[in-house]
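Survey of secondary and tertiary structure
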Amino acid sequence: DQQVKQNSPSLSVQEGRISILNCDYTNSMFDYFLWYKKYPAEGPTFLISISSIKDKNEDGRFTVFLNKSAKHLSLHIVPSQPGDSAVYFCAGADSWGKLQFGAGTQVVVTP
Amino acid sequence: DAGVIQSPRHEVTEMGQEVTLRCKPISGHNSLFWYRQTMMRGLELLIYFNNNVPIDDSGMPEDRFSAKMPNASFSTLKIQPSEPRDSAVYFCASSEGSSYNEQFFGPGTRLTVL
């Protein structure tokens, strides 16, 4: 039972443009959301998070938006850079602190 | 800090064999997590420990899987007997406190069961 869904397995974007990654969830008990980034042959690394009481969190080129009524969140990367090419995982955390990850979206930033 | 250390990085074994994956969390972290990554299901939480005590093992697929954390600096994930469908990348992660805190992942162990 996938409680977190990333319906786009891949995304190709031109360098300098905006990358928008989407994530949907079904568990209304999630009260924290996180994005992780993963390069090949490495473990995921934390990127940015957002509490369920907020609708936006920004950190440099990365912004996460949360729409609780739609159970949807998105990650915006502006401007996209070649080093952003990686797999991005969305995750929800419940009150027990347990993380549920989505299947990931492969981002390719082209010159 | 060396980060989370996992061994081996790659493991190839035959069906029916016992497999043991090892993890050393970051010093001072009191939560440890085992995940499995597959193409079909993405990253799945198998089990997590807090202060060396298993808190939630509901993600462990079946009795063939077991995990231990004998002390704060070491954990194992064992599969006995292994099956081809266990082939995946297994990650260990650690964090300070709850999962709201950033989890630091190891490089993973790529397991292939023939």
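For every chain, the first residue of the written sequence is number 1, and numbering continues from 1 onward in sequence order. Chains carry letters from A onward and ligands carry numbers from 1 onward, assigned in written order. Only residues with pLDDT of 70 or above have their local features reported here, since the model is predicted, and side-chain atom pairs are shown and tallied only from 80 upward, although totals for entire chains, interfaces and linings are computed over all residues. No hydrogens and no water enter the side-chain calculation; it runs on all heavy atoms of the structure.

Further remarks concern the overall build of chain A. Summing up its helical and strand segments, chain A has 0 helices and 11 strands in all. Numbering goes from the N terminus for both helices and strands, where a helix is a DSSP run of H or I of at least four residues and a strand is a run of E of at least two. What you see in chain A, going N to C, is helices and strands ordered as β-β-β-β-β-β-β-β-β-β-β. All radius of gyration figures rest on C-alpha atoms, and the globule criterion is 2.2 Å times the number of residues raised to 0.38. At 13 Å, chain A has a C-alpha radius of gyration in line with the 13 Å of a compact globule built from 111 residues. Principal-axis analysis of the C-alpha atoms gives chain A an extent of 40 × 30 × 20 Å. Residue burial in chain A is summarised as follows: out of 111 residues, 48% are buried. Contact definition: two residues touch when any of their heavy atoms are within 4.5 Å. Within chain A, contacts between residues separated by at least 24 positions form 53% of all contacts whose residues are at least 6 apart in sequence. Whether a residue is buried, partly exposed or exposed follows from its accessible area with a 1.4 Å probe, protein chains only, as a fraction of its type maximum: under 20%, in between, or over 50%, in that order.

Here we come to the interface of chain B and chain A. The interface is formed by 18 residues belonging to chain B together with 23 residues belonging to chain A. Buried area counts how much accessible surface, traced with a 1.4 Å probe, disappears from two parts once they are put together, with both parts' losses summed. The contact between chain B and chain A buries some 1600 Å² in all, and 57% of this surface belongs to carbon and sulfur atoms. The rule for a salt bridge is simple: a side-chain nitrogen of Lys or Arg has to be within 4 Å of a carboxyl oxygen of Asp or Glu. The interface formed by chain B and chain A includes 0 salt bridges. What qualifies as a polar contact is a pair of N or O atoms within 3.5 Å, subject to a donor-acceptor requirement within protein and to the restriction that residues adjacent in sequence count only when both atoms come from side chains. Summed over the shared surface of chain B and chain A, the number is 2 residue pairs in polar contact (both at pLDDT 80 or more). At the level of secondary structure, the elements contributing two or more residues to the side of chain B that touches chain A comprise strand S4 (31-38) and strand S5 (42-50) of chain B. Three classes are used, and their members are as follows: Ala, Val, Leu, Ile, Met, Phe, Trp, Tyr, Cys and Pro are nonpolar, Asp, Glu, Lys and Arg are charged, and the others, Gly among them, are polar. Here the side of chain B that touches chain A is built from residues that sort into 8 nonpolar, 6 polar and 4 charged.

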